[in-house]
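The chain contents come next:
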Amino acid sequence: MKGLLIAVLFGITVLTFVGCGKDPRQVQITEKNRDTFLKDIKDMKGLTVEEVGLLMVVQMSDGVRNAFGGEDRKIEGKTVGELLVELKKEAADREVESKKQERLAADARAKEEAREAELRKAITLTVVHKGFQEAEYEKYITFKVAYENTSGKGIRAFQGKVQFTDLFGKQIYESGLTISNSVKSGQKGIWNGSFKYNQFIDAEKALLLTDLSDMKVVWKPSGILFVDGTRIGEE
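The present account deals with the structure reproduced in this document.

Each value, and the rule that gives it
Residue positions within a chain follow its written sequence, with the count starting from 1. The predicted origin of the model limits local features to residues at a pLDDT of at least 70 and limits the giving and counting of side-chain atom pairs to 80 or more, whereas totals for whole chains, interfaces and linings rest on all residues. In computing side-chain properties, one takes all heavy atoms of the structure into account and sets aside hydrogens as well as water. Whether two strands pair comes down to DSSP finding at least two bridges between them. Put simply, DSSP marks the helices as runs of H or I at least four residues long and the strands as runs of E at least two long, and each gets a number from the N terminus on. We define a salt bridge as a contact between a side-chain nitrogen of Lys or Arg and a carboxyl oxygen of Asp or Glu at a distance within 4 Å. Only protein chains enter the accessibility calculation, which uses a 1.4 Å probe. A residue is then buried if its area is under 20% of the maximum for its type, exposed if over 50%, and partly exposed in between. Buried residues of nine kinds, namely Ala, Val, Leu, Ile, Met, Phe, Trp, Tyr and Cys, make up a nonpolar core once their side-chain atoms join them within 4.5 Å. The contact criterion used is simple: two residues touch if any of their non-hydrogen atoms lie within 4.5 Å. To define axes, lines are fitted to C-alpha atoms, for helices over the stretch in contact only, and angles between the resulting N-to-C directions are given on a 0 to 180 degree scale.

### Side note on the pairing of strand E4 (residues 171–179)
1) Next: Here eight bridges tie strand E3 (residues 155–165) to E4, and the two strands are oriented antiparallel to one another. The residue of E4 that forms the bridge with Phe158 is Ile179.
2) Next: The antiparallel hairpin formed by E3 and E4 contains five residues in its connecting segment, where Gly169 sits at a positive phi of about 95°.

### Quick word on the pattern of salt bridges
1) Next: Tallied over the entire structure, the rule returns 14 salt bridges.
2) Next: Residues Lys121 and Glu118 are paired through a salt bridge, measuring 3.5 Å at the closest nitrogen-oxygen approach.
3) Next: Residue classification places Glu118 among the partly exposed positions, given a relative accessible area of 46%.
4) Next: Through salt bridges with shared partners, a single ionic network connects Arg34, Asp35, Lys74 and Glu76.

### A look at unusual backbone geometry
Only a minority of non-glycine residues have a phi that is not negative, and only a minority of peptide bonds are not trans.
1) Next: A positive phi is found at Glu136, a non-glycine position, where the angle reads about 50°.
2) Next: Relative to the helices and strands, Glu136 resides in the loop between strand E1 (123–135) and strand E2 (138–149).
3) Next: The phi angle at Tyr137 is positive, at roughly 65°, despite the residue not being glycine.
4) Next: Looking at the element boundaries, Tyr137 is found in the loop between E1 and E2.
5) Next: With relative accessibility at 86%, the residue Tyr137 sits in the exposed group.

### A closer look at the nonpolar core
1) Next: Among the nonpolar cores identified, the biggest contains 25 residues, and Leu125, Phe143, Phe158, Phe164, Leu207 and Ile224 are the most heavily contacted of them.
2) Next: Counting residues per element, the ones that place at least two in this core are E1, E2, E3, E4 and strand E6 (216–226).
3) Next: The contacts of Phe164, once residues within four sequence positions are left out, are Val127, Phe143, Lys170, Gln171, Ile172, Tyr173, Leu207, Leu212, Met215, Lys216 and Val217.
4) Next: In this structure, Met44, Leu55, Met56 and Val80 belong to the second largest nonpolar core, which totals 16 residues.

### Regarding the sheet that holds E6
1) Next: Here we have four strands laid out as an open sheet, ordered E4-E3-E6-E7, and antiparallel in their pairing. The sheet is open, and its two edges are formed by E4 and strand E7 (231–233), each paired on a single side. Taking each pair of neighbouring strands and ignoring which way they run, the sheet shows an average axis angle of 25°.
2) Next: In the packing of helix H5 (residues 80–120) onto the sheet, the strands contacted are E6 and E7, and the crossing angle to E6 comes to about 75°.

### Details of the environment of Lys184
1) Next: With respect to the helices, strands and loops of the structure, Lys184 is situated in the loop between E4 and strand E5 (188–196).
2) Next: Given a relative accessible area of 63%, Lys184 falls into the exposed group.
3) Next: Separated by 35 residues in sequence, Lys184 and Asn149 have C-alpha atoms that sit 6.6 Å apart.
4) Next: Beyond its immediate chain neighbours, meaning those up to four positions away, Lys184 contacts Asn149 and Gly154.

That's the geometry; what it means functionally is another story.
As structure tokens, this is what we get:
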């Protein structure tokens with residue numbers, strides 16, 4: 001697909017590479033034809049769209065090549081076939097690394113979600129009111145938060161993030177939260193907080209203008225400190 005995109009962008013179609021002649025893979029790349037060897041093989045058949053795309057990235061100007069993820073390289077002295085072997089191996093290596101990074105990210109998200117689920121068993125929380133106030137020429141978005149200690153022992157403090165999403169789960173705003181009020185096992189509590197409102201920040205503006213009834217509140221706890229000094233989650 002990348003090769004097709006590049007071919008279209010530069011006005012070259014697959015038809016230009018479906019002609020008769022010798023094998024384009026045997027063409028030698030020299031200092032003289034480094035920037036023109038694609039023209040030399042345009043009437044030869046045997047290259048796929050993806051292969052053409054790989055070769056075009058090599059032959060682009062520095063700025064365009066870098067924009068498409070290409071790198072400066074020494075290609076003189078190689079045949080087109082040898083260059084393609086090299087380029088395909090690099091593309092395959094990038095694909096492997098990309099999938100590895102995706103797996104690591106997925107594992108990290110899974111661990112974080114599992115930790116949050118475990119912490120939510122100890123402390124539940126939701127936002128029961130969202131308001132707005134002005135004081136000393138400043139504007140604030142205010143909150144009233146209700147929480148409950150559902151663990152088997154007293155909690156000294158806890159922290160995490162409160163995420164506001166629309167009814168379809170798209171994030172509107174997310175804020176860190178730390179509450180240092182002691183709460184006994186089975187006890188409930190109320191916490192009032194606020195932050196300075198900036199009308200030029202889109203997320204804050206969306207939070208202010210969206211009714212609480214039109215949002216979902218997602219509690220994402222990250223750490224709990226118990227009265228006995230033990231803790232779970234983040235240090």
